[in-house]
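Observations on the three-dimensional arrangement
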Amino acid sequence: MPAAPLACRPHCGACCTAPSISSPIPGMPNGKPAGVPCVQLDDALRCRLFGDPRRPAVCGSLQPSAAMCGPDRVHAMQWLAHLETATHPGPATPS
């Protein structure tokens, strides 16, 4: 029997803050840089676009996991910042 999906931690919003998003977001037409909270986070740090077709696909593809979320928001922010650094494209090499 598969494990139940992990629910988002209340008042976290790490996945909407730590990573960069290159896709347009309503209110952020150029996406957002890493470390900047998405304008679609509400006061409870929940996504206002959850379930909305305007929500970027990359946001829906990032699912909570024990490894990513860890015991607290600090862990999640550090884990996601490391992932951001590890997956950021390097400078273009001259041809």
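To start, this report covers the structure provided alongside it. (Residues numbered from 1 in each chain as written. Predicted model: local features only at pLDDT ≥ 70, side-chain atom pairs only at ≥ 80, totals over all residues. Heavy atoms only, no water.)

Concerning the overall build of the protein chain
Applied cut-off: The secondary structure listing takes helices from DSSP runs of H or I that are at least 4 residues long and strands from runs of E that are at least 2 residues long, numbered from the N terminus. Exposure categories follow from relative accessible area, calculated using a 1.4 Å probe and restricted to protein chains: below 20% of the type maximum is buried, above 50% is exposed, and the middle band is partly exposed. Should any heavy atoms of two residues lie within 4.5 Å, those residues are counted as being in contact.
Scanning the protein chain from N- to C-terminus turns up three helices and zero strands. Its helices and strands taken in sequence order, the protein chain reads α-α-α from the N to the C terminus. Relative to its full complement of 95 residues, the protein chain shows a buried share of 23%. By sequence separation, contacts in the protein chain at least 24 residues apart represent 45% of the contacts at least 6 residues apart.

Some words on the environment of R55
Going by this rule: Distance and chemistry together define a polar contact, namely a pair of N or O atoms within 3.5 Å, with one atom able to donate a hydrogen and the other to accept it when in protein, and with adjacent residues in sequence counting only for side-chain atoms on both sides.
Within the secondary structure, R55 sits in the segment before α1 (57-61). Between the C-alpha atom of R55 and that of S23, which follows or precedes it by 32 residues, the distance is 9.4 Å. At 3.4 Å, the side chain of R55 forms a polar contact with the backbone oxygen of C59.

Some details on the environment of R54
Inspection of the secondary structure puts R54 in the segment before α1. The sequence separation of R54 and P26 amounts to 28 residues, and the corresponding C-alpha distance is 7.2 Å. If we ignore the near neighbours within four places in the chain, the residues touching R54 are P26 and L49.

By themselves, these are just geometric observations and shouldn't be taken as functional.
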